[in-house]
Amino acid sequence: MTRRISIFGATGSIGESTIDLIERDPDAYDVVALTGGHNVARLAEQARALRADLAVTAHEENLPELRERLAGTGIEASAGITAIEEAARRPADWVMSAIVGAAGLPPGLAALEAGATLALANKESLVTAGPLVLATAEKHGARLLPVDSEHSAVFQGLVGEDIAAVERIIITASGGAFRDWPIEKLAEATLAQASCHPNWDMGQRITIDSASMFNKALELIETKEFFGVSPDKIEVLVHPQSLVHALVGFNDGALMAHVGPADMRHAIGYALHWPERRHVPVDRLDLGQIGNLEFRHPDERRWPALRLAREVMAEGGLAGAAFNAAKEAALDGFIAGRINFVRMSEVVEEVLTRLSVDRSLIHAEITLDNVRAVDDMARMTARNIIETGT
């Protein structure tokens, strides 16, 4: 029996890895929809190879090219944000949510409303609207599976365990490109330097977020939302080898560690095949050859994003939506050369300070409309700070 699947963010690194697994057993899947951004050539190539029903580009100006590349295939083509949400409502058994940023929230909610199993690689969905996402899944009998390597590791570590017996959850961080740089040199870091990850092959934005540890800051919040644990039970350790993805500590003192190669196909494959385990073509580790695994506590002077994430969790409400939007706007500013590497966290902190003045804004009901309103306000505030320098 074939499974109906859709992949949102098909042309990104997670989408490509998902397709790599699907192409190894193509008869097992019926591809409903693929979505992408400006890389229309690759999107069309994927749609042809997988015989998808529908291909959607997020950018309406790219629709003519997409239609031209799919001419004669019978594959439907559409474009725009609304079209992506409509694609998410098409009946599917399993949906990969791999759109980067807050843009991944609406189609993810639409897929849950349609009752699909949502493989969540878009951490921003839980950061910006965790209670809404979880409530939507419960209301419609949908299932949420983690795809971030750390949260997949925790999820696997909890199989057969009682969450009430968990004393702590430790998620690991490589430390990114600048983990060993002198702190005083971070302001001089270039875009090219920040865009090179020592271990993982990822897109530019998430690679920079790894260097600033904003990616791990988002994952702290995601851990709280997904597993329902209090923030004081969540820890971060810097682990340069990126082989131990997470550890779960129990009330008897035991630590269960998930160890595997730095290859996202493992977490994707676990979600794709769940609740079974099946063969996944990742490297098998030789621990004797590896020899040593290193761990150290993160220095929050180097990575203030971790401190900000804990403040966001303490604030609650829509603070996560403000945090993520400010982070995305600050990252845009760094990529555009308008602010330096260190300034990103300063911009985010200033946005949170300004928006927290209006308690009715941050603590409004968590709805999609309110998330969007806070997102817009946080982005606008961040851009103003970047433009004026204050």
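The paragraphs below set out a description of the structure included in this document. (Residues numbered from 1 in each chain as written. Predicted model: local features only at pLDDT ≥ 70, side-chain atom pairs only at ≥ 80, totals over all residues. Heavy atoms only, no water.)

### Details of helix H17 (residues 368–388)
The end-to-end C-alpha distance of H17, which contains 21 residues, comes to 30 Å, matching closely the 30 Å that a straight helix rising 1.5 Å per residue would cover. Next to the buried residues of H17 lie helix H5 (105–113), helix H6 (124–139), helix H14 (319–335), helix H15 (343–355) and helix H16 (359–362). The first or second residue beyond H17 is Gly-389, which carries a positive phi of 80 degrees. (Helix = DSSP H or I, 4+ residues; strand = E, 2+ residues; numbered from the N terminus. Expected span 1.5 Å × (residues − 1). Contact = heavy atoms within 4.5 Å.)

### Quick word on the packing of helix H1 (residues 13–22) against helix H11 (residues 265–273)
Packing of H1 against H11 leaves a shortest axis separation of 10 Å and a crossing angle of 60 degrees. Judged by the angle between their axes, H1 and H11 are oblique. Along this stretch, H1 crosses H11, giving a crossing that reads as right-handed. Two secondary-structure elements touch here, H1 through Ile-14, Ser-17, Thr-18, Asp-20 and Leu-21 and H11 through Arg-265, Ile-268, Gly-269 and Leu-272. Its residues assigned to classes, the contact of H1 with H11 comprises four nonpolar, three polar and two charged. (Axes fitted to C-alpha atoms, helices over the stretch in contact; angles between N-to-C directions. Parallel < 35°, antiparallel > 145°, perpendicular 65-115°, else oblique. Left-handed = near helix turned anticlockwise from the far one by under 90°. Nonpolar A, V, L, I, M, F, W, Y, C, P; charged D, E, K, R; others polar.)

### Structural notes on the pairing of strand S4 (residues 76–79)
Pairing analysis gives four bridges linking strand S3 (residues 54–57) to S4, with the strands arranged parallel. Residue pairing for S4: Ala-55 is matched across the bridge by Ala-77. What joins S3 to S4 is helix H3 (residues 63–69), and the crossover it makes is right-handed. (Pairing = 2+ DSSP bridges. Right-handed = clockwise from strand over helix to strand, strands pointing away.)

### Considering the sheet that holds strand S5 (residues 94–97)
Strand pairs in the sheet, formed through backbone hydrogen bonds, run parallel or antiparallel to each other. Spatially, seven strands are ordered S4-S3-S2-S1-S5-S6-S7 in an open sheet, and the strand pairing comes out parallel. Each end of this open sheet is capped by a strand with a single partner; those strands are S4 and strand S7 (143–146). Averaged over all neighbouring strand pairs, the angle between strand axes comes to 20 degrees, with direction disregarded. In the sheet, S5 pairs with strand S6 (residues 117–120) via four bridges, with the strands oriented parallel. Residue pairing across strands places Val-95 opposite Leu-118, the latter belonging to S6. Sheet strands in contact with H5 are strand S1 (3–8), S5, S6 and S7, and its direction is about 150 degrees off that of S6.

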